[in-house]
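Chain residues, written in single-letter form:
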Amino acid sequence: GAGVSQSPSNKVTEKGKDVELRCDPISGHTALYWYRQSLGQGLEFLIYFQGNSAPDKSGLPSDRFSAERTGGSVSTLTIQRTQQEDSAVYLCASRYTGKETQYFGPGTRLLVL
Amino acid sequence: GNSVTQMEGPVTLSEEAFLTINCTYTATGYPSLFWYVQYPGEGLQLLLKATKADDKGSNKGFEATYRKETTSFHLEKGSVQVSDSAVYFCALGPNAGNNRKLIWGLGTSLAVNP
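Residues numbered from 1 in each chain as written. Chains lettered and ligands numbered in written order. Predicted model: local features only at pLDDT ≥ 70, side-chain atom pairs only at ≥ 80, totals over all residues. Heavy atoms only, no water.

Some points on the side chain of Ser94 of chain A
Residues and elements named next belong to chain A.
Phase 1 of the analysis: Mapping Ser94 onto the fold places it in strand S8 (residues 88–95).
Phase 2 of the analysis: Its relative accessible area of 0% is what places Ser94 among the buried residues.
Phase 3 of the analysis: A polar atom in the side chain of Ser94 sits 3.4 Å from the backbone nitrogen of Ile26.
Phase 4 of the analysis: When sequence neighbours within four positions are dropped, the list of residues in contact with Ser94 reads Val4, Pro25, Ile26, His29, Ala31, Leu32, Thr101, Gln102 and Tyr103. (Helix = DSSP H or I, 4+ residues; strand = E, 2+ residues; numbered from the N terminus. Buried < 20%, exposed > 50% of the residue type's maximum accessible area, 1.4 Å probe, protein only. Polar contact = N/O pair within 3.5 Å; in protein donor to acceptor, adjacent residues only side chain to side chain. Contact = heavy atoms within 4.5 Å.)

A closer look at the pattern of salt bridges
Phase 1 of the analysis: What the rule picks out here adds up to six salt bridges over all chains.
Phase 2 of the analysis: Across the pair Arg36 of chain A and Glu44 of chain A runs a salt bridge whose closest N-O atoms are separated by 3.0 Å.
Phase 3 of the analysis: With a relative accessible area of 10%, Arg36 of chain A lands in the buried category.
Phase 4 of the analysis: Salt-bridge contacts for Lys56 of chain B lead to Glu63 of chain B; the nearest nitrogen and oxygen are separated by 3.6 Å.
Phase 5 of the analysis: Since its relative accessible area comes to 34%, Glu63 of chain B is described here as partly exposed. (Salt bridge = Lys/Arg side-chain N within 4 Å of Asp/Glu carboxyl O.)

Points about the sheet that holds strand S3 (residues 19–21) of chain B
Residue and element names in this part refer to chain B.
Phase 1 of the analysis: The strand order S3-S9-S8-S7 describes an open sheet built from four strands, whose pairing is antiparallel. Two strands in the sheet have a free side with no partner beyond their single neighbour: S3 and strand S7 (56–59). Along the sheet, successive strands turn relative to each other by an average axial angle of 15°, direction set aside.
Phase 2 of the analysis: Relative to strand S9 (residues 75–77), S3 runs antiparallel, the two sharing three bridges. Following the sheet pairing, Ile21 is matched in S9 by Leu75. (Pairing = 2+ DSSP bridges. Axes fitted to C-alpha atoms, helices over the stretch in contact; angles between N-to-C directions.)

Function cannot be inferred from these measures alone, as they are strictly geometric.
In structure tokens form, the structure reads like this:
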């Protein structure tokens, strides 16, 4: 079946602009994660959605970052007033309830000029 | 809190060499342990995992054994290929009660030369 998909694959934006990144998880996966991967760094957890529960936003680096998940499926990560330090690869992963393995999308490479 | 320490890279090997990438962890309880791999231009993929002490995960010729006594989960392969060139991430699995997020190492870049 289809894996996790993300769009766009690449995004170049100017400092101060807002961006929206999209994640389409594997069908039936109720858990969804957003991570950030900066050059030379590991994966930084951003936010976690599980079903209809309130999301765990503990990893969001600032209030410029927000995410939503509509209908328990597609998720959008929004970065407002982008800064150059926001440049990174943003990864989405999904997981089936009760299972530990996370399945990752190919990521969105964001470059803020 | 829980943490993962992974061998720093980059690691450069010749084809058919033996590979070890070290990973140690600190954790309460008995979390699962994972190795993920990220090939150039691709997303992260699960390589192997182990869910309890003394378990050995294996896939594509790679192996890792969950060692509780040394709190380690080192990744090994007896004979690497050029196609194994990638970044490898060790991760610590979720404990009950948290959001089931994984704790990640920083990744080890492997380059295999022909």
